[in-house]
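Chain and residue survey
One letter stands for each residue in the lines below.
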Amino acid sequence: EDKVVQSPLSLVVHEGDTVTLNCSYEVTNFRSLLWYKQEKKAPTFLFMLTSSGIEKKSGRLSSILDKKELFSILNITATQTGDSAVYLCAVFHYNTDKLIFGTGTRLQVFP
Amino acid sequence: DVKVTQSSRYLVKRTGEKVFLECVQDMDHENMFWYRQDPGLGLRLIYFSYDVKMKEKGDIPEGYSVSREKKERFSLILESASTNQTSMYLCASTPGGESYEQYFGPGTRLTVT
């Protein structure tokens, strides 16, 4: 059965800390892995990763994919209170065009 | 900017009522999806559609049906609402082809009493 597992489930840090969120997957017919940030409403897109070892960066956020070990990490440096959210990882299934989501990591950043 | 809208942000219905959740996207996307999101369970796919009048079951289709009469509109129907269908419902769309990014609507929080 295809599955996506995120860890930790929850994380509490202080502003300025660096955090690493993990996403491992067991998905047949993997096509790509996506990261989303969800605050109070709908998830918003962060990154899409298709190739191993190529880091994607956007400001203080970065992500990388390891297709051999079947995982991805999302790094956030110098965290701010506005980074508080649930971060979702999802894997796109090649044949069905379906996204398989992990349960998310809840990040809380305190001043 | 892609826009995905959902008909209601909050909805309260009684057990046994028929419930319609509407989703509209304005970017001519091929694919549309309905998810429900529950604490500890993440997003689970209910139904999706590749084209007008086409639908495919997702992971948890029981108790739901869908309708896609026009390309821009994808409706989720709860034939007879039950309390275990209390949840956040999210609609998403994607262009199809080589584009995998899903654009989400704001969500509808449905409470069934």
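Residues numbered from 1 in each chain as written. Chains lettered and ligands numbered in written order. Predicted model: local features only at pLDDT ≥ 70, side-chain atom pairs only at ≥ 80, totals over all residues. Heavy atoms only, no water.

1. With respect to the overall build of chain B
Across its full length, chain B carries zero helices and eleven strands. Across chain B, helices and strands are ordered from the amino to the carboxyl terminus as β-β-β-β-β-β-β-β-β-β-β. A globule of 113 residues ought to have a C-alpha radius of gyration of about 13 Å, and chain B, at 13 Å, matches this closely. A principal-axis box enclosing the C-alpha atoms of chain B has dimensions of 40 × 25 × 25 Å. Considering chain B as a whole, with its 113 residues, one finds that 50% of them fall into the buried category. Here the contacts in chain B between residues at least 6 apart in sequence split such that 54% fall between residues at least 24 apart. Looking at chain B as shown, the accessible area adds up to about 5,500 Å², and 49% of this sits on carbon and sulfur atoms. For chain B, the distance from the average position of its 15 positive side-chain charges to the average position of its 16 negative side-chain charges is 8 Å. (Helix = DSSP H or I, 4+ residues; strand = E, 2+ residues; numbered from the N terminus. Rg over C-alpha atoms; globule rule 2.2 N^0.38 Å. Buried < 20%, exposed > 50% of the residue type's maximum accessible area, 1.4 Å probe, protein only. Contact = heavy atoms within 4.5 Å. Areas by Shrake-Rupley, 256 points an atom, 1.4 Å probe, with all protein chains shown as cover. Lys, Arg positive; Asp, Glu negative; His and termini not counted. Charge placed at Lys NZ, Arg CZ, Asp CG, Glu CD.)

2. Description of the interface of chain B and chain A
Contact residues are listed per partner, giving 22 residues for chain B and 19 residues for chain A. Of the roughly 1,600 Å² buried between chain B and chain A on both sides combined, carbon and sulfur atoms contribute 61%. There are zero salt bridges connecting chain B and chain A. At the boundary of chain B and chain A, one finds two residue pairs in polar contact (both at pLDDT 80 or more). Looking at the side of chain B that touches chain A, the elements with two or more residues in it are β4 (31-38) and β5 (42-49) of chain B. Residue composition of the side of chain B that touches chain A, grouped by class: eleven nonpolar, seven polar and four charged. (Buried area = accessible area lost by both parts, 1.4 Å probe. Salt bridge = Lys/Arg side-chain N within 4 Å of Asp/Glu carboxyl O. Polar contact = N/O pair within 3.5 Å; in protein donor to acceptor, adjacent residues only side chain to side chain. Nonpolar A, V, L, I, M, F, W, Y, C, P; charged D, E, K, R; others polar.)

3. Looking at the nonpolar core
Core analysis: the largest hydrophobic core is formed by 23 residues, its most contacted members being Val4, Tyr25, Leu33, Trp35, Tyr87, Val91 and Leu107 of chain A. Of all the secondary-structure elements, those providing two or more residues to this core are β3 (19-26), β4 (30-38), β5 (44-49), β7 (61-66), β8 (71-76), β9 (85-93) and β11 (105-110) of chain A. Excluding residues within four positions of it along the chain, Val91 of chain A makes contact with Val4, Tyr25, Val27, Phe30, Ser32, Leu33, Lys98, Leu99 and Ile100 of chain A. By size, the runner-up hydrophobic cluster in this structure holds 20 residues, among which are Cys23, Met32, Phe74 and Ala81 of chain B. (Core = buried A, V, L, I, M, F, W, Y, C linked by side-chain atoms within 4.5 Å.)

4. Some points on the state of the cysteines
Residue and element names in this part refer to chain A. Following the criterion strictly, the structure yields two disulfides over all chains and no others. Each disulfide pairs two cysteine sulfurs, and for Cys23 the partner residue is Cys89, the sulfurs being separated by 1.9 Å. Residues Cys23 and Cys89 are joined through a disulfide that is left-handed, its torsion about the S-S bond being -65°. Highlighted residues: Cys23 in strand β3 and Cys89 in strand β9, separated in sequence by 66 residues. (Disulfide = S-S within 2.5 Å.)

5. Section: the pattern of salt bridges
Residue and element names in this part refer to chain B. A complete count under the given rule lists nine salt bridges over all chains for this structure. The residue Lys18 makes a salt bridge to Glu79 at a minimum N-O spacing of 3.5 Å. Highlighted residues: Lys18 in the loop between β2 (10-13) and β3 (19-25) and Glu79 in the loop between β8 (73-78) and β9 (87-94), separated in sequence by 61 residues. With relative accessibility at 42%, the residue Glu79 sits in the partly exposed group.

6. With respect to the sheet that holds strand β1 (residues 4-6) of chain B
Residue and element names in this part refer to chain B. The four strands lie next to each other as β1-β3-β8-β7, forming an open sheet whose pairing is antiparallel. Looking at the sheet topology across the chains shown, the edges are occupied by β1 and β7 (64-70). Adjacent strand axes in the sheet meet at a mean angle of 20°, parallel and antiparallel pairs treated alike. Two strands pair when backbone bridges link them, and β1 and β3 are joined in this way by three bridges, in the antiparallel orientation. Directly across from Gln6, in β3, lies its bridge partner Cys23. (Pairing = 2+ DSSP bridges. Axes fitted to C-alpha atoms, helices over the stretch in contact; angles between N-to-C directions.)

7. Structural notes on the sheet that holds strand β1 (residues 3-7) of chain A
Picture the strands of a sheet paired through backbone hydrogen bonds; they go either parallel or antiparallel. Residue and element names in this part refer to chain A. Strand order in the open sheet made by the five strands is β1-β3-β8-β7-β6, with antiparallel pairing throughout. Single-partner strands in this sheet number two, and they are β1 and β6 (56-58). Sheet twist, expressed as the average angle between the axes of neighbouring strands with direction ignored, equals 15°. When β7 meets β8, the two strands line up antiparallel, connected through six bridges. Within the sheet, the bridge partner assigned to Ser63 lies in β8 and is Leu74.

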